[in-house]
Amino acid sequence: DAREEPREIQASLRMLRAPRAERFGQAAISSLHEDGTRIVLKQVFTEGDFYCSSALALCTIGRSVTLGQNSRTAASVIAAPSRGRFTVLLCTAASMDPGRDVVRDALSGLDEAASIAPDRLLQDNESWWADFWDGPCLELHSADGKAERLALHYHYFLYITASSSRGDYIPNYGGMIWSTGGDYRTWGVNHWWWNTSCYYRALPATGRFDLMDPLYDMYTAAAESCRRAAHQTWGAEGLFIPETMAFNGVAELPEPIANELRDLFTLQKPWAERSEPFIRFADKRNPHLSRWNFKAVGEWVNDQWTWPERDSSPFGFVTHILSSGTHVAYLYWLRYRYTGDLDWLRKRAYPMIRGAVELFLTFPLFGIGVDGSYHVSNTNSGEARTAW
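Trainee: Which residues make up the overall build of the protein chain, and what are the values?
Mentor: When you go through the protein chain residue by residue, the secondary structure sums to 10 helices and 14 strands. With respect to the three principal axes, the spread of C-alpha positions in the protein chain is 85 × 60 × 45 Å. In the protein chain, which comprises 388 residues, the proportion classed as buried is 41%. In the protein chain, the proportion of contacts linking residues at least 24 apart, taken out of those at least 6 apart, comes to 57%. Only carbon and sulfur atoms are counted for the fraction: they give 53% of the accessible area of the protein chain, which is about 21500 Å².

Next comes the structure, spelled out in structure tokens:
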């Protein structure tokens, strides 16, 4: 603060939604905590046996502070007026273990950071980026300056990817990790392959495969659920990687529901003859997930959330897309082609490539047509509005 008359400076944490938000068995619970002159925002997300919690802790060093007049949805730390510099530290923690105290973890992180001089923290950060930019980069020149602009965008792309794709999970499309207004996307934690691919298709040529590890890890971890989904959705072998899928894979269906879904999707059973149990089950499922995308965007009708059906049911924009798995498998293959890593090919890439091919070979609507060519019938390409 270099002002002639310094004033209080306030740092605040605010909830991204109401303290308790619930819908269709899902719950998002937010709470604020105080620890001396430190404040913490905790979030807990549950659905069935799923659990995830996170905490964001804040404190200041180098300035005397008091806690502000905290409200139900916001908390603040107020630094006393003084000229000169001071530091605001933030630390986050997250866990899917209900027994883990993420508030304690975040506060411990603050303690660790506070024991290190701010200049050292900055130096560590600068050192990491210096090592990163020692890796593959582009230097382009042209008389009209367009080449330099292309290189600028190329390196900016690497910067935002390196800032958001080094954790356990890939960033979601549209805002990535910077959706600071809260996540109001109706597809939530689901990933749309077409959108996700926009972030990752360009990376193999950069040689920055460490930035692709979260993508590879996510799909490898989901492989068993995708194998089960191939059988439950199509009666096929191999891996069915839906166009839209949750970060932790494809949910297992009760066998009666799976049997009926399979018959409906392969046109063995008329859509008009679907059972009441199937209708009730589908009613509680997210319409953006591939299996349930025969449902259109919903609305409130007589105090009940209602999902209208599409005229093309059982076909939706992304219900019958099989090609997403081949695109994912191709990125595994590219890593081998660029690196020559046979161990990667054997252990990581080949199972995905084989699974993608097996799905097509065992797909019930795959076969030789009257023209003597192989056909995969009643499937979509991309986000086509009707089945081909």
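Now that the structure is up, let's keep going.
Trainee: How would you summarise the nonpolar core if you had to cite specific residues and measurements?
Mentor: The biggest cluster of nonpolar side chains holds 60 residues, and the ones touching the most others in it are Y219, F278 and W292. When near neighbours in sequence (up to four residues on either side) are disregarded, Y219 contacts W193, I241, M245, V328, Y332 and M352. In this structure, A55, C59, L89 and C91 belong to the second largest nonpolar core, which totals 13 residues.

Trainee: Tell me about helix α3 (residues 146-164), and please be specific about residues and values.
Mentor: End to end, α3 covers 27 Å across 19 residues, agreeing with the expected 27 Å (1.5 Å per residue, within 8%). When we look at burial in α3, the residues that qualify are A147, A151, Y154, H155, F157, L158, I160, T161, A162 and S164.

Trainee: Tell me about the packing of helix α2 (residues 118-133) against α3, and please be specific about residues and values.
Mentor: Their axes nearest at 12 Å, the elements α2 and α3 cross at an angle of 130°. It follows that α2 is oblique to α3 by the angle criterion. The hand of the α2/α3 crossing is right-handed. Touching W128, W129, F132 and W133 of α2 are H155, L158, Y159, A162 and S163, all from α3. For the contact of α2 with α3, a count of residues per class yields 7 nonpolar, 2 polar and no charged.

Trainee: With reference to specific residues and values, describe the state of the cysteines.
Mentor: With the rule as written, the count across this model stands at 0 disulfides. The thiol sulfur of C52 is not disulfide-bonded, and the nearest other cysteine sulfur, from C91, lies at 16 Å. Judged by relative accessible area, C52 falls into the buried class, the value being 18%.

Trainee: Please provide a residue-by-residue account of the packing of aromatic side chains, values included.
Mentor: For the coordinates displayed, the defined rule picks out 25 aromatic pairs. On the basis of an interplanar angle of 90° and a centroid distance of 6.4 Å, the ring pair of F265 and F294 is categorised as edge-to-face. Here F265 is found in helix α7 (residues 255-265), whereas its partner F294 is found in the loop between α8 (276-283) and β11 (299-301), with 29 residues between them in sequence. An identical accessibility class is assigned to F265 and F294; each is buried. Arranged with centres 5.7 Å apart and planes meeting at 15°, the rings of Y332 and W344 form a pair that is stacked.

What counts and how
- Residues numbered from 1 in each chain as written.
- Predicted model: local features only at pLDDT ≥ 70, side-chain atom pairs only at ≥ 80, totals over all residues.
- Heavy atoms only, no water.
- Helix = DSSP H or I, 4+ residues; strand = E, 2+ residues; numbered from the N terminus.
- Buried < 20%, exposed > 50% of the residue type's maximum accessible area, 1.4 Å probe, protein only.
- Contact = heavy atoms within 4.5 Å.
- Areas by Shrake-Rupley, 256 points an atom, 1.4 Å probe, with all protein chains shown as cover.
- Core = buried A, V, L, I, M, F, W, Y, C linked by side-chain atoms within 4.5 Å.
- Expected span 1.5 Å × (residues − 1).
- Axes fitted to C-alpha atoms, helices over the stretch in contact; angles between N-to-C directions.
- Parallel < 35°, antiparallel > 145°, perpendicular 65-115°, else oblique.
- Left-handed = near helix turned anticlockwise from the far one by under 90°.
- Nonpolar A, V, L, I, M, F, W, Y, C, P; charged D, E, K, R; others polar.
- Disulfide = S-S within 2.5 Å.
- Phe/Tyr/Trp six-rings, centres within 6.5 Å; stacked < 30°, edge-to-face > 60°.

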